[in-house]
Amino acid sequence: MRGGDGLDRTGTRSVKWLNAGVEQDPGRIPLGVADMDLPGFPALFAALRERLGHPALGYSRVDPAARERVARWYGRRHGAAVDPDWVVLLPFGPRTAVRVVLDAAAAGPAPRGPLLTPTPEYGGFAAVAGAAGRTVREIPLDRTGGTYRLPVEEFAAACRRQPGAVVALSSPHNPTGRVWEADELHALAAAAAGGDGVLISDEVHCEIVHPGHRHVTAVRAAGEFAASTVVVHSVGKAFNVSGLADAFLLVPDPDLRRRVVATLEGFGFFEGGRLLGALAQEIALEHGEPWLRSLTAGLTDRRDLIVTRLADAVPGAVACVPEASFLLWLDGAAFGGARPEGLAPDAGIREVLLAACGVELTDGAAFGAAGRGWARLNFALPAPALAEAAERIARFAEKAPGRRSAGR
Ligand SMILES: Cc1ncc(COP(=O)(O)O)c(C=O)c1O
């Protein structure tokens, strides 16, 4: 087996497969980087192939219908009234989009405050904010009551103390898979607005939501604070086209939006110039919903498979059943002290599972201080390969001395 029965990514320079070392050891199963070892939307790939049949890939203008398309998608799929004027189409990915918003916020009248972000949290925010010269402050998520919640009071206090703070979070949340509640998001938007700052809600995982949950986009949840809120989105995660440049922003405040556009033009970008990403976005938003429903159903089955097996074999490891997307957050402490020979005694759970089981997860340290000792498992791969990964981890954990016993 090559990590993903049916989808062999050998030779494609996939970061996920290279990180896992599948080309050196075909028995390895890559469960790290957040893209899918599952085929994307066939109609989208057919449209890309057709476009590539034309022998010119020159500069392109923005499709005049693109903003309305985004607004219609939000109305239909997320029940949110989005003004097409809010939409800024970007010729790069979501991580760079965050940097542009940070620079645009800094160019405004408010002071340049710190970046405030929960921990654990997707590491892109801290990385780009640090590079942009902002202080980064992590605020631990609240884990009382067996789930993760946003510590909104702490964010509000920090925003009051440090004017011009930018609050950044992923919604739904990477790595825990939580779908934040509308009232939590409203409180966070109020906190940012209260400190003359901005809330950046990165919603790239919002199109895959498991039954029983509903994503509320921050521009809707924010209500009267929408003007201090920016949404970052892209079809990359859900449609498996993260290698294309298709991020977009929702920026309700016209002044901030002007500064965003000026910032990207200052880097030599313009809203067109994203030929293949724009095409992918068009096909996804115009025709992708039925396919997305079947993808989500398959991912819910995979989530249940891995959660059931690991919750049984490694009590306490599954901190939170994912409510969205294809990421599972695992507590390394639940695995006890088993170390394959040759590994350092302080090796993290990613290294342990790679050496002992040939499965590659993402080290929790990538998600800030609260992620140390944890790991993130990506379950978007063919079911037989996922079942094999689950068995390997479960068998290893069941033998491990000092693992947590059931009931803890
Ligand atoms: C919340 C979030 N934002 C952004 C990204 C990636 O952005 P980019 O494709 O620009 O690196 C990821 C990837 O895992 C993510 O989880």
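Residues numbered from 1 in each chain as written. Predicted model: local features only at pLDDT ≥ 70, side-chain atom pairs only at ≥ 80, totals over all residues.

Moving on, we come to the sheet that holds strand 9 (residues 327-331). With respect to topology, three strands assemble into an open sheet ordered 9-12-11, the strand pairing being antiparallel. The two strands at the open ends of the sheet, each matched to only one other strand, are strand 9 and strand 11 (362-363). Sheet analysis places strand 9 next to strand 12 (residues 374-378), joined by five bridges and oriented antiparallel. Across the sheet, the residue bridging to Leu-330 is Ala-375, located in strand 12. (Pairing = 2+ DSSP bridges. Helix = DSSP H or I, 4+ residues; strand = E, 2+ residues; numbered from the N terminus.)

Before going further, it helps to spend a moment on the site of the ligand. Residues in close proximity to the ligand total 13 residues, the closest being Ala-34, Gly-93, Arg-95, Ser-170 and Asn-174. Per-element accounting of the shell around the ligand gives the leading share, three residues, to helix 4 (residues 94-106). Among the residues forming the shell around the ligand, the class breakdown is four nonpolar, seven polar and two charged. (Near = placed C-beta within 6 Å. Nonpolar A, V, L, I, M, F, W, Y, C, P; charged D, E, K, R; others polar.)

Another point: the sheet that holds strand 4 (residues 136-140). By definition, the strands of a sheet pair up through backbone hydrogen bonds, in either a parallel or an antiparallel sense. The strand order across the open sheet formed by seven strands is 2-8-7-6-5-3-4, and the pairing between neighbours is mixed. If you trace the sheet from one side to the other, it starts and ends with strand 2 (87-89) and strand 4, each paired once. With strand direction ignored, the average angle separating the axes of adjacent strands in the sheet is 25°. With three bridges joining them, strand 2 and strand 8 (residues 248-250) adopt antiparallel strand pairing. (Axes fitted to C-alpha atoms, helices over the stretch in contact; angles between N-to-C directions.)

On to the packing of helix 13 (residues 349-357) against helix 14 (residues 383-399), then. Between helix 13 and helix 14, the least distance of the axes is 10 Å, while the angle of their chain directions is 105°. Here helix 13 is positioned roughly perpendicular relative to helix 14, judged by the angle of their axes. Residue-level contacts link Leu-353, Ala-356 and Cys-357 of helix 13 to Arg-392, Ile-393 and Phe-396 of helix 14. A class-by-class count of the residues in the contact of helix 13 with helix 14 yields five nonpolar, no polar and one charged. (Parallel < 35°, antiparallel > 145°, perpendicular 65-115°, else oblique. Contact = placed C-beta atoms within 7 Å.)

Let us now look at the domain arrangement of the protein chain. Parsing the protein chain into structural domains produces domain 1 (15-41 + 290-399) and domain 2 (56-286). Here domain 1 and domain 2 have C-alpha centroids that lie 27 Å from each other. Across the contact, 31 residues belong to domain 1 and 34 residues belong to domain 2. Counting residues per element, the ones that place at least two in the side of domain 1 that touches domain 2 are helix 12 (289-313), strand 9 and strand 12. For the side of domain 1 that touches domain 2, the per-class residue count stands at 20 nonpolar, seven polar and four charged. (Domains from an automatic or database assignment.)

Moving on, we get to the pairing of strand 5 (residues 166-170). Counting buried residues in strand 5 gives five out of five residues, a clear majority hidden from the surface. Of the two faces of strand 5, the one lined by Val-166, Ala-168 and Ser-170 and the one lined by Val-167 and Leu-169 are each fully buried. Two strands pair when backbone bridges link them, and strand 3 (residues 115-119) and strand 5 are joined in this way by two bridges, in the parallel orientation. When the bridges of strand 5 are listed, Leu-115 appears paired with Val-166. The pairing of strand 5 with strand 6 (residues 198-202) spans five bridges and is classified as parallel. Looking across to strand 6, one finds that Ala-168 is bridged to Ile-200. Taken together, strand 5, helix 7 (residues 182-194) and strand 6 constitute a β-α-β crossover, and its handedness is right-handed. (Buried ≥ 20, exposed ≤ 12 C-beta atoms within 10 Å, placed from the backbone. Right-handed = clockwise from strand over helix to strand, strands pointing away.)

Taking burial as the measure, the five residues of strand 3 include four buried ones, the bulk of the element. In terms of strand pairing, strand 3 meets strand 4 through five bridges, oriented parallel. Across the sheet, residue Thr-119 finds its bridge partner in strand 4, namely Pro-140. Each parallel crossover has a hand, and the one from strand 3 via helix 5 (residues 124-131) to strand 4 is right-handed.

Attention now goes to the environment of Leu-188. With respect to the element layout, Leu-188 can be found in helix 7. As for Leu-188 and Cys-159, which are separated by 29 residues in sequence, their C-alpha atoms are 9.7 Å apart.

Okay, the environment of Gly-194 next. Relative to the helices and strands, Gly-194 resides in helix 7. Sequence separation between Gly-194 and Gly-402 is 208 residues, and the spatial gap between their C-alpha atoms is 48 Å. Leave out the neighbours within four places in its chain, and Gly-194 touches Ala-156, Cys-159 and Arg-160.

Now for the nonpolar core. Membership of the largest hydrophobic core comes to 127 residues, with the highest contact counts inside it found for Val-101, Val-167, Leu-188, Ala-189, Ala-192 and Leu-249. The leading source of residues in this core is helix 7, at eight residues. In this view, Val-101 contacts Ile-200, Val-230, Leu-249 and Val-260; residues no more than four positions away in its chain are not counted. (Core = buried A, V, L, I, M, F, W, Y, C linked by C-beta atoms within 7 Å.)

We now examine helix 3 (residues 66-78). With 13 residues, helix 3 should cover 18 Å at 1.5 Å per step; its first-to-last C-alpha distance of 17 Å lies within 8% of that length. Of the surrounding elements, those touching the buried residues of helix 3 are strand 2, strand 8 and helix 11 (275-287). Gly-79 occupies a position one or two residues after helix 3 and carries a positive phi of about 60°. (Expected span 1.5 Å × (residues − 1).)

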